[in-house]
Amino acid sequence: MSDEHFMQEALALARQGAAMGEVPVGAVVVKDDVIIGRGFNRPISSHDPTAHAEIAALRSAAAHLGNYRLIDCDLFVTLEPCVMCAGAILHARIGRVIYGAGDPKTGACGSVVDLFAETRLNHHTEVTGGLLAEEAAALLQTFFADRRRLTG
């Protein structure tokens with residue numbers, strides 16, 4: 001399977017979140033070309049500030065493997081991870097993060113800060129951004145334009 005295929009799966013999850021009124025971000029964890037964890041944003045409906053797509057996907061993958069360490073796994077997410085999610089990704093020992101759109105307000109892969117570039121940390125994750133970025137950004141732009149239109 002290709003990276004693009006897995007990002008398409010994350011985008012499908014983002015659309016599922018948008019349909020529930022959540023900010024459209026989706027994520028999948030992949031091991032050996034198989035999706036073992038899925039998640040989309042749910043902070044609004046769950047009243048939980050930690051209910052980001054990445055956290056949900058990490059939890060799902062950890063439950064699947066029976067281990068919080070997700071060694072040899074990749075995370076595909078439609079939006080650049082925030083600091084909270086970047087910390088969880090590092091603690092989980094994810095090998096690779098591939099994200100779609102950059103996040104100029106809270107991105108922790110270089111847009112605001114780059115937690116993954118911190119050499120003093122004990123784990124180092126490879127990060128690649130921009131995969132299907134236009135599609136991911138369009139989902140977010142449409143969501144927020146609709147919100148602004150509805151709220152006046």
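For the structure, see preceding data.
Parameters and conventions
- Residues numbered from 1 in each chain as written.
- Predicted model: local features only at pLDDT ≥ 70, side-chain atom pairs only at ≥ 80, totals over all residues.
- Heavy atoms only, no water.
- Helix = DSSP H or I, 4+ residues; strand = E, 2+ residues; numbered from the N terminus.
- Expected span 1.5 Å × (residues − 1).
- Buried < 20%, exposed > 50% of the residue type's maximum accessible area, 1.4 Å probe, protein only.
- Arc of directions from axis to C-beta.
- Contact = heavy atoms within 4.5 Å.
- Pairing = 2+ DSSP bridges.
- Patch = residues over 30% accessible without salt bridge, like charges linked within 9 Å, V, L, I, M, F, W, Y side chains within 5 Å.
- Areas by Shrake-Rupley, 256 points an atom, 1.4 Å probe, with all protein chains shown as cover.
- Salt bridge = Lys/Arg side-chain N within 4 Å of Asp/Glu carboxyl O.
- Axes fitted to C-alpha atoms, helices over the stretch in contact; angles between N-to-C directions.
- Parallel < 35°, antiparallel > 145°, perpendicular 65-115°, else oblique.
- Left-handed = near helix turned anticlockwise from the far one by under 90°.
- Nonpolar A, V, L, I, M, F, W, Y, C, P; charged D, E, K, R; others polar.

Participant: Is there a simple way to explain helix α5 (residues 133-151) in this structure?
Facilitator: An α-helical turn contains 3.6 residues, so a residue and the one three or four places further along point in the same direction. Its 19 residues place the ends of α5 27 Å apart at the C-alpha level, agreeing with the 27 Å of an ideal helix rising 1.5 Å per residue. What α5 keeps buried is the set A133, A136, L139, L140 and F143. Each buried residue of α5 sits inside an arc of 140° when the element is viewed along its axis, so together they form one side. In α5, the exposed positions that point more than 90 degrees away from the buried face belong to E134, Q141, R148 and R149. Along its buried surface, α5 packs onto α1 (3-19), β3 (73-79) and β4 (96-101).

Participant: Please explain the pairing of strand β1 (residues 26-31) as it appears in this structure.
Facilitator: β1 sits mainly inside the fold: five of its six residues count as buried. Looking at chain direction, β1 and strand β2 (residues 34-40) are connected through six bridges and run antiparallel. Within β2, the residue paired with A27 across the bridge is G39. The turn linking β1 back onto β2 is made up of two residues, and D32 within it adopts a positive phi angle of 55°.

Participant: In this structure, what is going on with a nonpolar patch on the surface? I would like to understand it.
Facilitator: Together, V83, V112 and V113 line one region of the surface with nonpolar side chains, adding up to about 230 Å² of accessible area. Of note, V113 is situated in the loop between β4 and β5 (126-129).

Participant: Looking at this model, I keep getting lost on the environment of G110. Mind explaining?
Facilitator: Relative to the helices and strands, G110 resides in the loop between β4 and β5. G110 sits 55 residues away from I55 along the chain, and the two C-alpha atoms are 20 Å apart.

Participant: What's the story with the packing of helix α3 (residues 53-65) against helix α4 (residues 83-92) in this structure? I'm lost.
Facilitator: Each pair of packed helices can be described by the angle between their axes along with the distance between the axes. The contact between α3 and α4 brings their axes to 9 Å, and the two run at 20°. The orientation of α3 relative to α4 falls into the category roughly parallel. Helix-helix and strand crossings are classified by hand; for α3 and α4 the assignment is left-handed. In contact with E54, I55 and L58 of α3, α4 contributes M84, C85, A88, I89 and A92. Class assignment for the residues of the contact of α3 with α4 results in seven nonpolar, no polar and one charged.

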